Amino acid sequence: MKTKWILPLVLVGILLATCSPEPAALTVMVHDSFAISTDVMAEFENANNVKVNFLLSGDAGSMLNKAVLTKGAPIADVLYGVDNTFLSRALSEGIFEAYDSPLLEQIPDQFELDTGHQALPVDFGDVCINFDTQYFPDKGLPIPATLEDLAKPEYKGLLVVENPATSSPGLAFLLATIAEYGTDGYQAYWQQLKENNVVVVNDWNTAYYTNFSGSSGKGSQPMVVSYGTSPAAEIIFADPRPDKAPTASLVGKNMCFRQIEFVGILKGSKKQALAEKFVDFMLSKHFQEDIPLNMFVFPANETAQVPAEFTKFVQVPEQPAALSTDQISANREQWIEAWRALMLQ
Amino acid sequence: MALLEIRDITKSYQNHPLLSGISFSVEKDETVCLLGPSGGGKSTILRIIAGLETAEDGQVLWQGRIINALPSYLRKFGLMFQDYALFPHMNVRENVAFGLRMQKMPDNKIKESVTEALDLVNMGNFADRRVTDLSGGEQQRVALARALAPQPQLLMLDEPLGALDRTLREKLGAELRGLLRKMKIPAIYVTHDQQEAFSIADRILVLHQGRIVQTGTPFEVYSLPASPWLATFFGMDNQIHGIVKKKTPLTVTTDFGEFACACPQGEFHKGEQVILVFKQTGAEVSKNVRKQNLLEGQVAESIFSADRFKTKVLLENDIGFEFLLDNEIKTGQNIHLFISPDSILCFGNSA
Amino acid sequence: MGVFYFFPLGKLVSLSFPHPGSALNKSTNWKIIGGAAGFTFLQAGLSTVLTVILGLPAAYLFGRFNFTGKNALRIASTLPFILPTVVVAAGFNALIGLKGWLNLALMGILGASEPLINIQNSLAAILLAHVFYNTSIVIRVVSSALAQFDRKLEDAAQTLGASPWKTFAKITLPLLMPSILSAVLLVFLFDFTSFGVILMMGGPRFTTLEVEIYIQTMQFLNLPLAGILSLIQLGITMLVTFLLMRMGDGGIGVPVMPRLQQESLRNPVRGWEKVFTSIMVILLLSLLISPIVSLVFRSFSVAAPAIGEGLVEKMHLSLNYYRELFINRQQSLFYVPPIGAVLNSLRFAGTSALISLSLGLMLAYGLVSGKNLRWINLLMMLPLGTSAVTLGLGFFTAFSGGVGLQKWVGLLIPLAHALISLPFILRVVQPALRSIPVNLKLAAQSLGAKPLDVWRFVELPIIWRALMTAAVYAFTISLGEFGATSFLSRPDTPTMPVAIFRYLNLPGSSNYGQAMAMAVIILFVCVVSMAFLDRLQFNLPSGTK
């Protein structure tokens, strides 16, 4: 019986084999904030005769859900955009295939949170409090230097933060406070902030463009939880370019939280070799140097150069807050719910 | 003093004149019929009287008082609509009771009056039915009961029998006639059907191109229509042109001979151009040859109709006249008809 | 519908049940969830009531009177429906934010130093935004019923002694009830599953079932619990739908005379009519239009203006943003070309309108005399009342057949939109179909017309307006990108809202400006397409005389 099928199969196989001048396709799952230049991608595609399809899959949480739901029969070959807050979960779900990329040598150890090399670090950024550089001198206020300062009465009502349940930078800032005050002390700190009239909104958009006084929205709060690279963006995306930076970041100890983003080959992908090539490409200098102006984060590869605006206008914290990914994974829900119970009554 | 008086009502519709100078009155106990072709504005007159529309000019007077500004719901004029306009979300009883509720009558009295009204129209058993389940005739009766129940001072009916078939129309027409006689309230009845008008009205007003062109009892109007158009409207198609030969007795020369007319509609002088109308009932087969009032022609058809014979006679120039004769005449036969002068109408030719 | 709704839903829900225990752990704060359910109901109920309070008189305005600027006003009041929440929030902020026009004006007039109106992150903001969004539903549904209402019934009532108010209360309103209840149901469901408005206008203090589902899914990756919450949400939806339909049942519905012209519409004549018209127009303008206008102005000045401060120079500055939209400065692979985005949006919307029209027609014909009417109507409403998050993931799970998914996206999106539009289509098309007197069709046939001709020349003109109303609705739903489709990825065919999000998610005044410029372009495209559709709606295509 089997022999009946062998011949047609062979024919099909021959046909397929001889039809290979068609470029192969590689599918990469990314979150909606992903951006890269056409010529950088063209370089990879031409070099490997491959067409890369990007699947924009929502925010990080949405993307991870989709990956987990299709575990084993993945809809893509590579997934990029899992960050350190979701890393533990991604690893425990086992969606990745380990890959020991040679380019890992160019990446500092501190970023390799997954020693098993299932998830490889691509970029990092800090969530920091941005402040309106004009506001403080105008009011004769000193710029806050520590988390502690934010609770002082002279800064009453001047800070806007995002809800960690609904916002990634919001969560990051909460984690920073936990890193500083510990799991037992952070609630007291937030109580202080609450009494100091901290403004809470649900999403970064509202916080930055409606509440923040340093953005085009010209809001009422001169301090907002945003990204360390936002001040650079304010320069780059302003026309005409101001000579003085309208915003800057507060980079005291544990005031910023470091987010690292990872890429991984999805287990079950049929294009292992191609996927590995792509991962290598993502970690390579050329790609890495394209990252800053597209996604406004820093390249993980230490040989990659960052644009001048970053060097000039981005304040990099010396002691960014960090928590172990396992700890985050285990307590995330509990921390957020506790925060909600405290802050939103 | 007339109960209802309409003076000089004028109205246009989309910049075309619809009604011009409509004036008439209605006495107590009178049923007046507005007769005219469809679309002539008859319904509009009713709506103006009811207060649903305003006239551009003219007055509506009730018992001598001008009521132009009085809103419709205060006039107490009943209106029965052409397509009945029954309230679909209410049953028969509630429909009929509506006007009474608006008068804030107590509930038990309402029940009584509703039953009375429904009995009047022979719909007593239908009180609890949904109006959407009723047939055309049933709906019409409910609509009538609804209009009558609040005992309006004036009743207006807009083509009430229009949507019904022939037998129903005759039956309900008779019922309506009986009811209206009994009710003793003034009524205005609008229709395009002459038979209906003749059988129901005390007085008929014929409407043509926005004007009232004749008023009178049915008999008056029918036996002496006031214009060739009216004559045609009443089915008197036997019309020819002529020239006055002699003024008294009025004799007119036509292509078909000389005719003496006994019914001049107006003063004529010799040489004037006129139109003659031969009533269908005024012809008789003539054995003798005459000098005047003789029509000669060939029978085209002879159809039996309610104990007379409708006979179509072809005259010269292919003109066909129709007469009602006592006997059947075979098709093709040549006949001579004597037309009695009493049955010939004469109109000035202002065309 | 079985395929596109129940299957994805079922698949996702089935994820909850294998491990029901894991859905709940000690962190699950049932207090929050209970509160969320209660609040969802509360805000939806309040919003609906307020929407009806504004919407009914407005529907009366549109359903009874003709006045200058009527078409423009009608289009303008539908615009809110189409705008992405981000844009609406920006518009409201521009109008009544702490540095919005209203506050600035008030501060100027009253000489106050502090902004007087502060409703950011409040229930009032949520309610306001909902009214802003959904009034157009009430207007369209109810005014279309009103316009077809047989006025003779009101005349009859008047001759029977009913004053205008009594006539309205006893005759017009009861007959209008079914369409009012339809509108109420639709509005309630939209408010019930509302997400963006709660998130952005309400702020963190308020949480609804939909927000909680979002948090459980995106933040905690707790799909089982999200599934349970979706079921709860769905349950409430079904209950409300059932109740409202119960109330509307037995209602005869508007007795329509098959009319080809809008015979019952006229210019306001009497005194109170003129006053009413003016008041309503002003009210609609201020409530529905002013946020949009503020937004447009803000896009041109991109900063809270100090009055008198070089408006011209600011206008010049912001025309730049329109230009910038067309330039791919970073040579980004994901740059969204504005024209392309517009075309994509229009394409999806057009397809969606066509699909829902055909589906609706088929269903309406099938259901005209159906006893199963009630159940099918109930089923139709379900997609509206289902969590967008859940549905999106459900779609994803059900249809992720590898890379094949990409090809189908082009069809899936309009299909999803069409599904959501279905209840409205039915509601509008069905009464129109029922209103065709059987005699008309028989008469045509007896005159020798073939069935297709009968349809074309007799039925089509009569139901044309209803069909077009339905098509417009489907079109606007699609443009507004409701529900699950935000979860269907389509990098090759970005649409207008996607374009806005790309810009708004980055800091920088140029990005903000371009986002606002894009929003204005969206507005413009909407106005033009709706004007076009409205034209079609009220003029039969020639040839169907």
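**Let's talk about the overall build of chain B**
Counting its regular elements, chain B contains 8 helices and 21 strands. Oriented by its inertia axes, the alpha-carbon framework of chain B measures out at about 80 × 45 × 35 Å. When burial is assessed residue by residue, chain B has 39% of its 351 residues classed as buried. Of the contacts made within chain B by residues no fewer than 6 positions apart, 64% connect residues no fewer than 24 positions apart.

**Overview of the overall build of chain C**
Broken down by element type, chain C carries 22 helices and 0 strands. Within chain C, residue pairs in contact and separated by at least 24 positions form 83% of the contacts whose partners lie at least 6 positions apart.

**A look at the interface of chain A and chain C**
On the chain C side, the residues contacting the 58 residues of chain A number 51 residues. Counting only elements with at least two residues in the side of chain A that touches chain C, the list comes to helix H2 (38–48), strand E2 (50–56), helix H3 (60–69), strand E7 (199–201), helix H7 (204–211), helix H8 (230–236), helix H10 (285–295) and helix H12 (325–343) of chain A. Tallied by class, the residues present in the side of chain A that touches chain C amount to 23 nonpolar, 23 polar and 12 charged.

**Considerations on the pairing of strand E20 (residues 334–339) of chain B**
Sheet faces and side chains relate simply in a regular strand, where the side chains alternate between the two faces. All names here are of chain B. Where strand E16 (residues 283–285) and E20 come together, 3 bridges link them in antiparallel fashion. The residue of E20 that forms the bridge with Val285 is Leu337. Here strand E17 (residues 294–305) runs beside E20; their pairing, made up of 5 bridges, is antiparallel. Among the inter-strand pairings, Leu295 is bridged to a residue of E20, identified as Leu337.

**A word on the interface of chain B and chain C**
Listed by partner, the interface residues are 18 residues for chain B and 16 residues for chain C. When residues of the side of chain B that touches chain C are traced back to their parent elements, those giving at least two are strand E6 (77–80) and helix H2 (92–102) of chain B.

**Details of helix H3 (residues 30–64) of chain C**
With 35 residues, H3 of chain C should reach 51 Å at 1.5 Å per residue; the first-to-last C-alpha distance of 49 Å fits that figure. Along H3 of chain C, the largest kink reaches about 25° and is centred on Gly55 of chain C; proline Pro57 of chain C follows within four residues of it.

**Things to note about unusual backbone geometry**
Residues and elements named next belong to chain B. One non-glycine residue, Glu159, lies in positive phi territory at about 45°. If you trace the backbone, Glu159 turns up in the loop between strand E7 (154–158) and helix H5 (166–183). Taking the number of C-beta atoms within 10 Å as the measure of exposure, Glu159 has 20 and is therefore buried. Even without being a glycine, Gln209 presents a positive backbone phi close to 50°. Inspection of the secondary structure assignment puts Gln209 in the loop between strand E9 (203–208) and strand E10 (211–216).

**Considerations on the sheet that holds E9 of chain B**
Residues and elements named next belong to chain B. Strand order in the open sheet formed by 6 strands is E6-E7-E8-E3-E9-E10, with mixed pairing between adjacent strands. Taken across any chain shown, the strands that pair with only one partner, and hence form the sheet edges, are E6 and E10. If you compare each strand with its neighbour and ignore which way they point, the axes differ by 20° on average. Looking at chain direction, strand E3 (residues 31–35) and strand E8 (residues 187–191) are connected through 5 bridges and run parallel. When the bridges of E8 are listed, Val32 appears paired with Ile188. Strand contacts of helix H4 (residues 136–148): E6 and E7, with the helix running at about 175° to E6, the strand carrying the most contacts.

**Focus on the domain arrangement of chain B**
All names here are of chain B. For chain B, the assigned domains read domain 1 (4–227) and domain 2 (232–348). A straight line from the C-alpha centre of domain 1 to that of domain 2 covers 39 Å. Listed as interface residues are 6 residues of domain 1 and, on the opposing side, 5 residues of domain 2. Its residues placed into classes, the side of domain 1 that touches domain 2 shows 4 nonpolar, 2 polar and no charged.

**Description of the nonpolar core**
Counting 353 residues, the largest nonpolar core has Val28 and Val78 of chain A, Met156 of chain B together with Val142, Ala470 and Met518 of chain C as the members making the most contacts within it. Here this core takes 16 residues from helix H7 (residues 123–147) of chain C, the largest share from any one element.

**As for the sheet that holds strand E11 (residues 239–246) of chain B**
Residues and elements named next belong to chain B. Read from one edge to the other, the open sheet built from 6 strands follows the order E13-E12-E11-E15-E21-E14, with strand pairing classed as mixed. Two strands lie at the open edges of the sheet, namely strand E13 (257–260) and strand E14 (263–264), each paired on one side alone. Pairing of E11 with strand E15 (residues 273–278) involves 5 bridges; the strand directions are antiparallel. What sits directly across from Ile240, in E15, is Leu276.

**With respect to the environment of Ile339 of chain B**
Residue and element names in this part refer to chain B. Within the element layout of this structure, Ile339 appears in strand E20. Residue class for Ile339 comes out buried when judged on the 27 C-beta atoms lying within 10 Å of it. Spatially, the C-alpha atom of Ile339 lies 55 Å from that of Leu70, the residues being 269 residues apart in sequence.

**Some points on the packing of H7 of chain C against helix H9 (residues 164–192) of chain C**
Residues and elements named next belong to chain C. Look at H7 against H9: their axes get within 9 Å of each other, and the N-to-C directions meet at 160°. Overall, the two elements H7 and H9 adopt an arrangement that is roughly antiparallel. Crossing handedness for the pair H7 and H9: right-handed. Contact residues: His130, Asn134, Ile137, Val138, Val141, Val142, Ala145 and Leu146 in H7; Leu176, Ser179, Ile180, Ser182, Ala183, Leu186, Val187, Phe190 and Asp191 in H9. For the contact of H7 with H9, the per-class residue count stands at 12 nonpolar, 4 polar and 1 charged.

**Some points on the pairing of E3 of chain B**
Buried residues dominate E3 of chain B, accounting for 5 of its 5 residues. Residues Thr31, Cys33 and Leu35 of chain B point to one face of E3 of chain B and Val32 and Leu34 of chain B to the other, with burial holding for every one of them.

**Notes on the packing of H3 of chain A against helix H11 (residues 209–219) of chain C**
Between H3 of chain A and H11 of chain C, the shortest axis-to-axis distance is 7 Å and the interhelical angle comes to 65°. One element, H3 of chain A, and the other, H11 of chain C, form an angle in the roughly perpendicular class. Residues Gly61, Ser62 and Asn65 of chain A of H3 of chain A form the contact with H11 of chain C, whose own contacting residues are Thr217, Met218 and Gln219 of chain C. Here the contact of H3 of chain A with H11 of chain C is composed, by residue class, of 1 nonpolar, 5 polar and no charged.

**Digging into H4 of chain B**
Because the α-helix completes a turn every 3.6 residues, residues three or four places apart line up on one side. Residue and element names in this part refer to chain B. Relative to the 18 Å expected for 13 residues at 1.5 Å per residue, H4 spans 18 Å between its end C-alpha atoms, a close match to the ideal helical length. Among the 13 residues of H4, 10 are classified as buried, and the element is accordingly described as predominantly covered. Burial in H4 covers these residues: Gln139, Gln140, Arg141, Val142, Ala143, Leu144, Ala145, Arg146, Ala147 and Leu148. In the core, the buried residues of H4 are packed alongside E6, H2, helix H3 (107–120), E7 and H5.

**Some words on the environment of Asp239 of chain A**
As for its position among the elements, Asp239 of chain A is in the loop between H8 and strand E9 (247–250). What makes Asp239 of chain A partly exposed here is the crowd of 14 C-beta atoms within 10 Å. Considered as a pair, Asp239 of chain A and Gln319 of chain A are 80 residues apart in the sequence and their alpha carbons are 33 Å apart. If we ignore the near neighbours within four places in the chain, the residues touching Asp239 of chain A are Asn320 and Ser510 of chain C.

Quick notes on the rules
Residues numbered from 1 in each chain as written. Chains lettered and ligands numbered in written order. Predicted model: local features only at pLDDT ≥ 70, side-chain atom pairs only at ≥ 80, totals over all residues. Helix = DSSP H or I, 4+ residues; strand = E, 2+ residues; numbered from the N terminus. Buried ≥ 20, exposed ≤ 12 C-beta atoms within 10 Å, placed from the backbone. Contact = placed C-beta atoms within 7 Å. Nonpolar A, V, L, I, M, F, W, Y, C, P; charged D, E, K, R; others polar. Pairing = 2+ DSSP bridges. Expected span 1.5 Å × (residues − 1). Bend = angle between axes of the 7 residues up to and from the residue. Axes fitted to C-alpha atoms, helices over the stretch in contact; angles between N-to-C directions. Domains from an automatic or database assignment. Core = buried A, V, L, I, M, F, W, Y, C linked by C-beta atoms within 7 Å. Parallel < 35°, antiparallel > 145°, perpendicular 65-115°, else oblique. Left-handed = near helix turned anticlockwise from the far one by under 90°.

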